[in-house]
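Secondary and tertiary structure notes
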Amino acid sequence: MQNVPQTKREAPNILVTGTPGVGKSTLCQRLSELTGLQWLEISKIAKENDCLEEYDQVYQCPVLDEDKLMDGLEETMCRGGNIVDYHSCEFFPERWFDVVFVLRADNTTLYDRLVSRGYAGKKLEDNVDCEIFQTILEEAVASYKEDIIHQLYSRTPEELQDNVNRICLWLQQWFQDNQT
Ligand code: DAT
């Protein structure tokens, strides 16, 4: 990991995390279109930049080369103005983020969304359990200061819109507080 001194960012970095299927990409895409912040889909970036190691047969997903990925993102994150979208949050440097949104959905909604995505068997069960046990929320609480963490439900289009509005307001406030 590079040791880069912290400088003031021109725009904030936002982390959107949560169990697969809770609605991260849907929210991030909408936010990016509205605000001009750059949407960083970590799964896609890892794939494109050869940051995936062997395939985990138990969890049916590739293992991430976290150090390589972090090194590649350092400069972009130091500049600011990014919305990071990933289903885990504990390995990112804490200093990267000004705010963390943990998206949530209820079990039946999530189950239906994951089945439509083709998840089945252990993968489906593990992901629904991850939401039931609030695994990602606990990961966020263990990794970031509690006052920057916000839990948002994204079960319906109305909740999606409320979340977009809320994050846009947060952003406006950030720019007011950080005027040079
Ligand atoms: P994620 O990126 O967390 O894996 P997604 O954004 O791909 O999740 O959303 C999964 C599915 O749920 C997708 O078909 C869009 C739908 N969805 C997301 N947020 C929603 C919301 N607030 N209301 C209704 N459907 C939603």
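Thresholds applied
Residues numbered from 1 in each chain as written. Predicted model: local features only at pLDDT ≥ 70, side-chain atom pairs only at ≥ 80, totals over all residues. Heavy atoms only, no water. UniProt positions renumbered as here; feature names shortened; annotations may be inferred. Phe/Tyr/Trp six-rings, centres within 6.5 Å; stacked < 30°, edge-to-face > 60°. Helix = DSSP H or I, 4+ residues; strand = E, 2+ residues; numbered from the N terminus. Lys NZ or Arg CZ within 6 Å of the ring centre and 35° of its normal. Salt bridge = Lys/Arg side-chain N within 4 Å of Asp/Glu carboxyl O. Buried < 20%, exposed > 50% of the residue type's maximum accessible area, 1.4 Å probe, protein only.

Within an unreviewed UniProt entry, the label attached to the protein chain reads Adenylate kinase isoenzyme 6 homolog, and the organism entered is Exocentrus adspersus. If you open the UniProt record of the protein chain and go to Subunit (unreviewed entry), you find "Monomer and homodimer. Interacts with small ribosomal subunit protein uS11. Not a structural component of 43S pre-ribosomes, but transiently interacts with them by binding to uS11." UniProt, in the comment section headed Sequence similarities (unreviewed entry), describes the protein chain in these words: "Belongs to the adenylate kinase family. AK6 subfamily."

With that settled, consider the packing of aromatic side chains. For the coordinates displayed, the defined rule picks out eight aromatic pairs. Ring geometry for Phe97 and Tyr144: centres 6.0 Å apart, planes at 75°, overall edge-to-face. Taken as a pair, Phe97 in the loop between strand S5 (82-86) and strand S6 (99-104) and Tyr144 in the loop between helix H6 (135-143) and strand S7 (149-153) lie far apart in primary sequence, 47 residues in all. Each residue in the set Tyr86, Phe91, Phe92, Trp96, Phe97 and Tyr144 is aromatic and connected to the rest through ring pairs, giving one cluster. Over the aromatic face of Tyr119 sits the side chain of Lys123, whose NZ or CZ is 4.6 Å from the ring centroid.

The final tally for this structure, using the stated rule, is seven salt bridges. Glu41 is paired through a salt bridge with Lys44; the nearest N and O atoms lie 3.7 Å apart. Judged by relative accessible area, Glu41 falls into the partly exposed class, the value being 24%. Arg104 is the partner of Glu131 in a salt bridge, and the nearest nitrogen-oxygen pair spans 2.7 Å. Residue Glu131 is located in helix H5 (residues 121-132), and its partner Arg104 is located in strand S6; the two are separated by 27 residues in the primary sequence. Its relative accessible area of 5% is what places Arg104 among the buried residues.

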